[in-house]
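# Examination of the molecular architecture
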Amino acid sequence: MKKNCVGCGIGLQAEYPNRDGYLQADVLNSKREHHYCQRCFKIKNYGKNIASELSSEDYRKEVAIASDSAELALAVFDIIDFEGSFDDEILDILREKESIIIINKLDLIPDDKHPSEVANWVKGRLAEEGIAPLDIAIVSTKNSYGINGIYKKINHFFPKGVEAVVLGVTNVGKSSIINRLIGAKTITVSKYPGTTLKINKQTIPQTNITLLDTPGLIPHARVSDLVCEECTLKIIPSGEISRKTFKLDKDRVIFLGDLISFRVVKIEEAKPIISIYASQNVNFLETNVEKQKEYLENKRVDILGIPCDKCIDKYKSQKFKKELITLETGEELAFKGLGWITVKRGPLHVEVTMPEVIECIIRKAFIVPKR
Ligand SMILES: Nc1nc2c(ncn2[C@@H]2O[C@H](COP(=O)(O)OP(=O)(O)OP(=O)(O)O)[C@@H](O)[C@H]2O)c(=O)[nH]1
Ligand SMILES: [Mg+2]
């Protein structure tokens, strides 16, 4: 009988050491209950990032198969990169299927935010996309917050049990959530995107609830996907995100790392006040138009750190665009895979300079400005 890796779901084989799913023949043929492939062993024990042979299209197929068979979708979103967690295929599945939405990584936002406020905000944002989930759970697998709530919600809607597909983009914490729900560290989890490779079936002990872990989908237009692996890990927050407030005059410019910059093009009555949120590794720099021009033309702005020496040429060689954007008080501009700007006192009229592929989204403020 074909055996699968309990860490990532891949079919195991003992013939090709350099291919996915390899495991030494004697271990593969042993009577062990759980088998891990060589790749999972290295990820789990040495924290290595080992690329797989599978493509993003292969991942999409797996998600489609799991979604077809499951009655319920547990869709996982990253609270810090909510817009970057959107993917058309996921949204389509959520429009058709009964779903419970899980917003993970609550521990990363500043602690003056109440989970019920977050849930209301998410509900409104999903309604704009035509999605009405059965329920929303706000959780943090890091400190185990809200995990029992997910179980209770599934049990409430499906008291006799259910097969649920756990889906989302890469790195949002799908496998971590399943590990918490089954109460074991069975599935391989890592800080690198692309850990889970195939459908991986797990059952919550003493229940009829089956969870299908799936590979993460890779959405389009995330800043974090345009830099090298080291910079990606710096842009994805691993600790509480940083927030900095600015009061800006006309022609003042802000850089978010050396990744995106924006210039205030017009002031109405009062100078706008904004807060910027991103990973602590992303530096914010306030400067003037002359310096902006210099920085955009020069390849290296040391003070900004990201992109690093290794990936800056590639980053800067792509096509850039300029977009004029106006935000009112209480609105936000979110950059997928990077962070967001909240307008505390508007209007804010800016010209944003960013790579052409990057998508930015205007939304209602997620962290409500305090008076
Ligand atoms: N701060 C924080 N980090 C988390 C949380 N949940 C998961 N992580 C981290 O996020 C990273 C990705 O977790 P995984 O569970 O592997 O994510 P995944 O969605 O299964 O990823 P793929 O299999 O690559 O699609 C790991 O470094 C986890 O430790 C959380 O609640 N808070
Ligand atoms: Mg996973």
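Up top you'll find the structure we're talking about.
Described in the following lines is the structure provided in the data block.

Parameters at a glance
Residues numbered from 1 in each chain as written. Chains lettered and ligands numbered in written order. Predicted model: local features only at pLDDT ≥ 70, side-chain atom pairs only at ≥ 80, totals over all residues. Heavy atoms only, no water. Helix = DSSP H or I, 4+ residues; strand = E, 2+ residues; numbered from the N terminus. Rg over C-alpha atoms; globule rule 2.2 N^0.38 Å. Buried < 20%, exposed > 50% of the residue type's maximum accessible area, 1.4 Å probe, protein only. Contact = heavy atoms within 4.5 Å. Areas by Shrake-Rupley, 256 points an atom, 1.4 Å probe, with all protein chains shown as cover. Near = heavy atom within 4 Å. Polar contact = N/O pair within 3.5 Å; in protein donor to acceptor, adjacent residues only side chain to side chain. Nonpolar A, V, L, I, M, F, W, Y, C, P; charged D, E, K, R; others polar. Donors = N, O, S within 2.8 Å, 3.2 Å for Na, K, Ca; no water. Phe/Tyr/Trp six-rings, centres within 6.5 Å; stacked < 30°, edge-to-face > 60°. Lys NZ or Arg CZ within 6 Å of the ring centre and 35° of its normal. Axes fitted to C-alpha atoms, helices over the stretch in contact; angles between N-to-C directions. Parallel < 35°, antiparallel > 145°, perpendicular 65-115°, else oblique. Pairing = 2+ DSSP bridges. Salt bridge = Lys/Arg side-chain N within 4 Å of Asp/Glu carboxyl O.

### Considering the overall build of the chain
Check the secondary structure of the chain and you find 10 helices and 16 strands. Taken against the 2.2 N^0.38 rule, which gives 21 Å for 371 residues, the C-alpha radius of gyration of the chain at 22 Å falls within 12% of a compact globule. Seen along its three principal axes, the alpha-carbon backbone of the chain occupies a region of about 70 × 45 × 30 Å. When the 371 residues of the chain are sorted by exposure, 53% land in the buried category. In the chain, of all internal contacts separated by at least 6 residues, the share reaching a separation of at least 24 is 73%. By element, 48% of the accessible surface of the chain is carried by carbon and sulfur atoms, the whole surface being about 17400 Å².

### Digging into the site of ligand 1
Surveying the vicinity of ligand 1 reveals 22 residues, the closest of which are Asp 107, Thr 141, Lys 174, Ser 176 and Gly 194. In this structure, Lys 174 approaches ligand 1 through a side-chain N or O atom, which is 2.7 Å from an oxygen atom. Residue Ser 175 places a side-chain N or O atom 2.9 Å away from an oxygen atom belonging to ligand 1. In isolation ligand 1 exposes 660 Å². Once the protein is present, 88% of that is buried. Per-element accounting of the shell around ligand 1 gives the leading share, three residues, to helix H7 (residues 174–182). Of the residues in the shell around ligand 1, the class split is four nonpolar, 13 polar and five charged.

### Some words on the coordination of the magnesium ion (ligand 2)
Every protein donor of the magnesium ion (ligand 2) is listed here as Ser 175 (OG) and Thr 196 (OG1), and their distances to the metal cover 2.1 Å. On the criterion of sequence distance, the pair formed by Ser 175 in helix H7 and Thr 196 in the loop between H7 and strand S5 (200–203) is long-range, its members being 21 residues apart. On the basis of relative accessible area, Thr 196 is assigned to the buried category, the value being 5%.

### Here's the deal with the packing of aromatic side chains
Counted by the stated rule, this structure contains eight aromatic pairs. With centroids separated by 5.3 Å and ring planes inclined at 40 degrees, the aromatic side chains of Phe 77 and Phe 82 adopt a geometry described as tilted. Phe 82 carries the same exposure label as Phe 77, and that label is buried. Taken together, a centroid distance of 5.4 Å and an interplanar angle of 80 degrees make the contact between Phe 255 and Tyr 295 edge-to-face. One end of the pair, Phe 255, is in strand S8 (residues 253–256); the other, Tyr 295, is in helix H9 (residues 289–297), and 40 residues separate them in sequence. Of the residues examined, Phe 255 reaches a relative accessible area of 1% and is grouped as buried. In this structure an aromatic cluster arises from ring pairing among Phe 77, Phe 82, Phe 86 and Trp 121. The ring centre of Tyr 16 lies 5.9 Å from the NZ or CZ of Arg 19, which sits over that ring. The ring of Trp 340 carries the charged tip of Arg 363 above its face, separated from the ring centre by 5.2 Å.

### Brief notes about the packing of helix H6 (residues 147–157) against H7
Here H6 crosses H7 at 80 degrees, and the two axes come no closer than 9 Å. Classed by the angle they form, the pair H6 and H7 counts as roughly perpendicular. Between H6 and H7, the residues in contact are Ile 147, Ile 150 and Tyr 151 and Ile 177, Arg 180 and Leu 181, respectively. Here the contact of H6 with H7 is composed, by residue class, of five nonpolar, no polar and one charged.

### Here's the deal with the sheet that holds strand S13 (residues 331–335)
On the basis of which strands lie adjacent, the open sheet formed by five strands has the order S7-S10-S14-S13-S16 and antiparallel pairing. A single partner strand is all that each edge strand has here, and the edge strands are strand S7 (242–247) and strand S16 (360–364). Averaged over all neighbouring strand pairs, the angle between strand axes comes to 20 degrees, with direction disregarded.

### Points about the pattern of salt bridges
Following the criterion strictly, the structure yields 26 salt bridges and no others. Between Lys 310 and Glu 230 there is a salt bridge, with the nearest N and O atoms lying 2.9 Å from each other. Linking Lys 310 in the loop between H9 and helix H10 (312–317) with Glu 230 in helix H8 (residues 229–235), this pair joins segments that are 80 residues apart in sequence. Taking relative accessible area as the criterion, Lys 310 reaches 62% and is therefore assigned exposed. Owing to a relative accessible area of 46%, Glu 230 belongs among the partly exposed residues under this scheme. In this structure, Lys 316 engages Asp 258 in a salt bridge whose closest nitrogen and oxygen atoms are separated by 3.1 Å. Residue Lys 316 is located in helix H10, and its partner Asp 258 is located in the loop between S8 and strand S9 (260–266); the two are separated by 58 residues in the primary sequence. Here Lys 316 and Asp 258 have matching classes, each one buried.

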